[in-house]
Amino acid sequence: MRPRGGRRWRAALAAVALALAAGGCTGADDVAGSRTPSPTAAPPSDDGHRTGSFPAPLPHPTDDAASAASALALGTAAVTAFARPDVAPARWWAELAPLLSPAATLAYEGTDPVEVPAHRVTGPAWSGVSPSSFLATVFVPTDAGDYAVLLVREGGGAPWLVERITLVPADYVPPAPATPSPPAGS
């Protein structure tokens, strides 16, 4: 016994196949969204890609006295703003956020200042060793111990921004600066 809709099903299937076959016989000019331009059609303006130019990169930063002083000042300012657990969260954030990099802004957003163990800076900051002129580490003493502040910048002329503020473990001994090795053959 045959199902009653069998002829209709085959007829519909044949109609779809015929429509697909007939659509394949048309030229590329007739197909909407075709990427092959006809000789009379204007080529697409950007083929779905944005055009333009990138801004010129910032000059390479230099490690000079002004840069080091700027890093020390920012490290001290950041820990001074950070080490205030008795300040209202909105004020704490409003004063700390402008010093942070975009990544640090996301990382520290929502931090409760009550959780910060330090209450104040207790002495002058000092610089740590940095492998790059794009990075600086500043150590800032507080009543809860020393904080290491990692600073970043995009290039020469760009300001330092705080990437991370970390309480240094009490038993941490920083590595000694590497001494340059003498040239080979001397």
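A. Molecular detail of the overall build of the chain. Scanning the chain from terminus to terminus reveals four helices and four strands. The linear arrangement of helices and strands in the chain, starting from the amino end, is α-α-α-α-β-β-β-β. Buried positions account for 25% of the 186 residues belonging to the chain. Contacts spanning at least 24 positions in sequence make up 48% of the contacts within the chain whose residues lie at least 6 apart. About 13200 Å² of surface is accessible on the chain, with carbon and sulfur atoms providing 62% of the total.

B. Region of the structure containing the side chain of Arg84. Relative to the elements of secondary structure, Arg84 occurs in the loop between α2 (65–82) and α3 (89–96). Reaching out from Arg84, the side chain makes a polar contact with the side chain of Glu95 at a distance of 2.7 Å. Residues within four places of Arg84 in sequence aside, it is in contact with Arg91, Trp92, Glu95, Pro113 and Ala118.

C. Quick look at the sheet that holds strand β4 (residues 161–167). Strands sit in the order β1-β2-β3-β4 across an open sheet of four strands; the sheet is antiparallel. A strand with exactly one partner marks an edge of an open sheet, and here the two such strands are β1 (126–127) and β4. Two elements, strand β3 (residues 145–152) and β4, share six bridges in a ladder whose sense is antiparallel. Looking at the pairing, Leu151 lines up with Val162 of β4. α2 rests against β1, β2 (135–142), β3 and β4 of the sheet, and its axis sits at about 50 degrees to β2.

D. The confidence of the model for the chain, seen in detail. Mean pLDDT for the chain: 79, with 66% of residues reaching 70 or above. Note on residues 7–34: pLDDT is under 50 here. Beyond four places in sequence and across chains, it has six contacts.

Calculation rules
Residues numbered from 1 in each chain as written. Predicted model: local features only at pLDDT ≥ 70, side-chain atom pairs only at ≥ 80, totals over all residues. Heavy atoms only, no water. Helix = DSSP H or I, 4+ residues; strand = E, 2+ residues; numbered from the N terminus. Buried < 20%, exposed > 50% of the residue type's maximum accessible area, 1.4 Å probe, protein only. Contact = heavy atoms within 4.5 Å. Areas by Shrake-Rupley, 256 points an atom, 1.4 Å probe, with all protein chains shown as cover. Polar contact = N/O pair within 3.5 Å; in protein donor to acceptor, adjacent residues only side chain to side chain. Pairing = 2+ DSSP bridges. Axes fitted to C-alpha atoms, helices over the stretch in contact; angles between N-to-C directions. pLDDT = per-residue confidence, 0-100.

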